[in-house]
Amino acid sequence: MIDAPKNLTRNILLGMLVGFVLGAILYYSNFLPLRLKEFIEIYVFNLGSSIFVNLLKLLIVPLVFFSLVSGISSLTNMTSLGNITLKTVSLYLSTTAIAVTLSLIIGSIFKPGSGYSSNISPPDKLPQGQGIYETILDIFPSNIIEAMANNQMLAVVFFSILFGLALNKTNHLTNNFSESFEKLNTVFMQLVIMIISFAPIGVFCLIGKFVIADGLDIFQEAFKYVTLLILVLFIHAFVTYSLILKMFTNLSLFTFFKKMREVAIFAFSTSSSAATIPVTLKTVQDNLGVNKNVASFVIPVGATINMDGTAIMQGMATIFIAQMSGIDLSLIQYVQVVILAVVTSIGTAAVPSAGTITLVIILQQFGLPLEAIGIILAVDRILDMLRTSVNVTGDAAVACIVANSEGLLDKNIYNK
Ligand code: ASP
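Here is what the cut-offs are and how they apply
Residues numbered from 1 in each chain as written. Predicted model: local features only at pLDDT ≥ 70, side-chain atom pairs only at ≥ 80, totals over all residues. Heavy atoms only, no water. Helix = DSSP H or I, 4+ residues; strand = E, 2+ residues; numbered from the N terminus. Buried < 20%, exposed > 50% of the residue type's maximum accessible area, 1.4 Å probe, protein only. Contact = heavy atoms within 4.5 Å. Areas by Shrake-Rupley, 256 points an atom, 1.4 Å probe, with all protein chains shown as cover. Lys, Arg positive; Asp, Glu negative; His and termini not counted. Charge placed at Lys NZ, Arg CZ, Asp CG, Glu CD. Patch = residues over 30% accessible without salt bridge, like charges linked within 9 Å, V, L, I, M, F, W, Y side chains within 5 Å. Salt bridge = Lys/Arg side-chain N within 4 Å of Asp/Glu carboxyl O. Near = heavy atom within 4 Å. Polar contact = N/O pair within 3.5 Å; in protein donor to acceptor, adjacent residues only side chain to side chain. Nonpolar A, V, L, I, M, F, W, Y, C, P; charged D, E, K, R; others polar. Axes fitted to C-alpha atoms, helices over the stretch in contact; angles between N-to-C directions. Parallel < 35°, antiparallel > 145°, perpendicular 65-115°, else oblique. Core = buried A, V, L, I, M, F, W, Y, C linked by side-chain atoms within 4.5 Å. Phe/Tyr/Trp six-rings, centres within 6.5 Å; stacked < 30°, edge-to-face > 60°. Left-handed = near helix turned anticlockwise from the far one by under 90°.

Engineer: Before we go on, may I ask you to explain the overall build of the protein in this structure?
Structural biologist: When its secondary structure is counted, the protein shows 18 helices and zero strands. Its C-alpha atoms put the protein at 70 × 55 × 45 Å along the principal axes. Classification of the 416 residues of the protein by burial places 53% in the buried group. By sequence separation, contacts in the protein at least 24 residues apart represent 85% of the contacts at least 6 residues apart. Surface exposure of the protein reaches about 18,400 Å², of which carbon and sulfur atoms provide 65%. In the protein, 22 side chains carry a positive charge and 22 a negative one; their mean positions are 10 Å apart.

Quick look at the structure:
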């Protein structure tokens, strides 16, 4: 196994703290020259965080491609691929359905939008979401280079599986060409480690950028909405995932959450499940003991289609806006929200704020005022960070469950 840098989690937390404090000092102080503030904001925080996120993104496509190809090409038992796919997709869809339902239940009990009056100002430009038709079609690329260039993960996963299968079937003719992919995969894992060792600086810049731009007022006007949403995100992360992990495995929950800390911090600071893929993959393989073949399929697919945190936000936002506009949703409509949130979370890109774009599809469906999205967007930055952490935690939980059920989870590594 490739060695990870020492004290990484501690240093990342430190980077986060320093970025937070420095960002806050710069945001709230008025004794510093404006030019200095601008300089730090642009050339330290913005530039530093963009470089770091670019480096993470740089790895995604080749990492997923090589790990999936090397995994599939070494499979001897093809039915297990079918089983893994079936289990993965059904767990992803059902955890997302649980997530929205939870959000809708808590939203209808505590009513975030009642008594809320705001002169809603419409956003400049309404974001456009992607429909189900395009989402399905996106799995089947007509040009793999284009799909890779656009980071279309489902297309990349689909092509990698096909390629891995073909490699598997031709190994006897190609002098075991698949071994080269194994080697390339190892090289890319090493690259991940090299880039992750800069994480403390990267996270410092990302958090600093966030605080210096908006300050610490995360609530703005929508206090109840923000509080309830954070509450549901925590319940889902710690209660729902604990329950399903306990239901399907006998793994230690403490170990799971402890080992997931780093991934959650990455997701929190980048607000992107996709940019977090390299870290999630590394953690589930090297620290949680999930077999490489399972991880390299479950994690990229999860980053793309499994967005429990996002679905929670969409459920709460729908209730919030409906209550605010005095619209009563019926039980049937609640069920429709669940279905729509599950479907749209599949089509939501794993990048910052993407969930608010697909929220438009849900609002439109129920004739809710689209202008209200302005309020949601005003408080979305921190919520996006939190829900992305939930999204990736869900991916890892499912990876552990699927691997465990196939006998492909190394408990020695998990418990180490
Ligand atoms: N930022 C989220 C993610 O990457 C998507 C969203 O909810 O906006 O998982």
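Having seen the structure, we can now continue with the description.
Engineer: Explain a nonpolar patch on the surface to me, please; I cannot follow it from the model alone.
Structural biologist: Nonpolar side chains collect at one region of the surface, where L14, L17, V18, F20, V21, I25, Y27, Y28 and L216 lie side by side and expose about 810 Å² of accessible area between them. Its place among the elements puts V21 in helix 1 (residues 8-28).

Engineer: Looking at this structure, how should I read the site of the ligand?
Structural biologist: In the neighbourhood of the ligand, 15 residues make up the surrounding shell, with S273, T310, G355, R387 and N391 lying closest. Between the ligand and S271, the relevant distance is 3.0 Å, taken from a nitrogen atom to a main-chain nitrogen or oxygen of the residue. Side-chain polar atom of T388 to a nitrogen atom of the ligand: 3.1 Å apart, as the coordinates give it. When the ligand sits alone it has 270 Å² of accessible area, and the protein chains cover 100% of it. Among the elements of the structure, helix 15 (354-365) and helix 17 (380-405) are those that each provide at least two residues to the shell around the ligand. With four residues, the single largest contributor to the shell around the ligand is helix 17. Broken down by class, the residue content of the shell around the ligand amounts to five nonpolar, eight polar and two charged.

Engineer: Would you take a moment to explain the packing of helix 10 (residues 253-270) against helix 11 (residues 273-287) for this structure?
Structural biologist: Any two packed helices are characterised by how steeply their axes cross, that is the angle between the axes, and by the distance between the axes. Where helix 10 contacts helix 11, the two axes come as close as 9 Å, and the packing angle between them is 180°. In terms of orientation, helix 10 and helix 11 fall into the roughly antiparallel class. Residues K259, V263, F266, A267 and T270 of helix 10 pack against A275, T276, V279, T280, T283 and N287 of helix 11. For the contact of helix 10 with helix 11, the residue count by class is five nonpolar, five polar and one charged.

Engineer: Can you help me understand the nonpolar core in this one?
Structural biologist: Nonpolar side chains in soluble globular proteins tend to end up buried together. In this structure, Y225, F256, V290 and C400 are the most contacted members of the largest nonpolar core, which totals 126 residues. The biggest single contributor to this core is helix 17, with 14 residues. Not counting residues within four places of it along the chain, the set of residues in contact with F256 comprises L245, L288, T393, A396, A397, C400 and Y414. In terms of nonpolar packing, the next biggest core, distinct from the first, is built from six residues, I40, F204, C205 and I212 among them.

Engineer: What should I look at first to understand the environment of S29 in this one?
Structural biologist: Residue position: S29 is located in the loop between helix 1 and helix 2 (34-73). The buried category is assigned to S29, whose relative accessible area is 8%. There is a polar contact of 2.8 Å between the side chain of S29 and the backbone oxygen of I25.

Engineer: Sorry if this is basic, but what is going on with the pattern of salt bridges here?
Structural biologist: Any two side chains of opposite charge can pair, given that their charged atoms come close. Counted under the stated rule, the structure contains four salt bridges. Here E182 and K292 are joined by a salt bridge, their closest N and O atoms 3.1 Å apart. Placement of E182 in helix 7 (residues 178-196) and of K292 in helix 12 (residues 292-305) is noted, with a sequence separation of 110 residues between them. Owing to a relative accessible area of 22%, K292 belongs among the partly exposed residues under this scheme. Sharing partners across several salt bridges, the network here consists of D380, D384 and R387.

Engineer: Explanation requested: the side chain of T304 in the structure shown.
Structural biologist: As for its position among the elements, T304 is in helix 12. Take T304: its relative accessible area is 14%, and that puts it in the buried class. Only 2.7 Å separates the side chain of T304 from the backbone oxygen of P300, close enough to count as a polar contact. If near-sequence neighbours (up to four positions away) are discounted, T304 is found in contact with M153, L154, S345, I346 and T348.

Engineer: What should I look at first to understand the packing of aromatic side chains in this one?
Structural biologist: Counting across every chain of the model gives 18 aromatic pairs. One aromatic cluster is present, formed by F65, F66, F159, F163, F177, F181 and F188 through successive ring pairs.

Engineer: Looking at this structure, I do not really get unusual backbone geometry. What am I missing?
Structural biologist: Across residues other than glycine, the phi torsion is negative in most instances, and most of the peptide bonds are trans. Look at K111: it is not a glycine, yet its phi comes out positive at around 45°. Relative to the helices and strands, K111 is located in the loop between helix 3 (78-110) and helix 4 (132-137). With relative accessibility at 38%, the residue K111 sits in the partly exposed group. Phi angles above zero are rare outside glycine, and N175 is one such case at about 55°. Considering the arrangement of structural elements, one finds N175 in the loop between helix 6 (153-170) and helix 7.

Engineer: What's the story with the packing of helix 1 against helix 2 in this structure? I'm lost.
Structural biologist: With their axes 10 Å apart at the nearest point, helix 1 and helix 2 run at an angle of 150° to one another. Classified by the angle their axes make, helix 1 and helix 2 are roughly antiparallel. Of the two possible hands of crossing, helix 1 and helix 2 adopt the one that is left-handed. Of the residues in helix 2, those touching helix 1 at L22, G23, L26 and Y27 are K37, I40 and F45. Looking at side-chain class alone, the contact of helix 1 with helix 2 contains five nonpolar, one polar and one charged residues.

No statement about biological role is implied by the geometric values presented.
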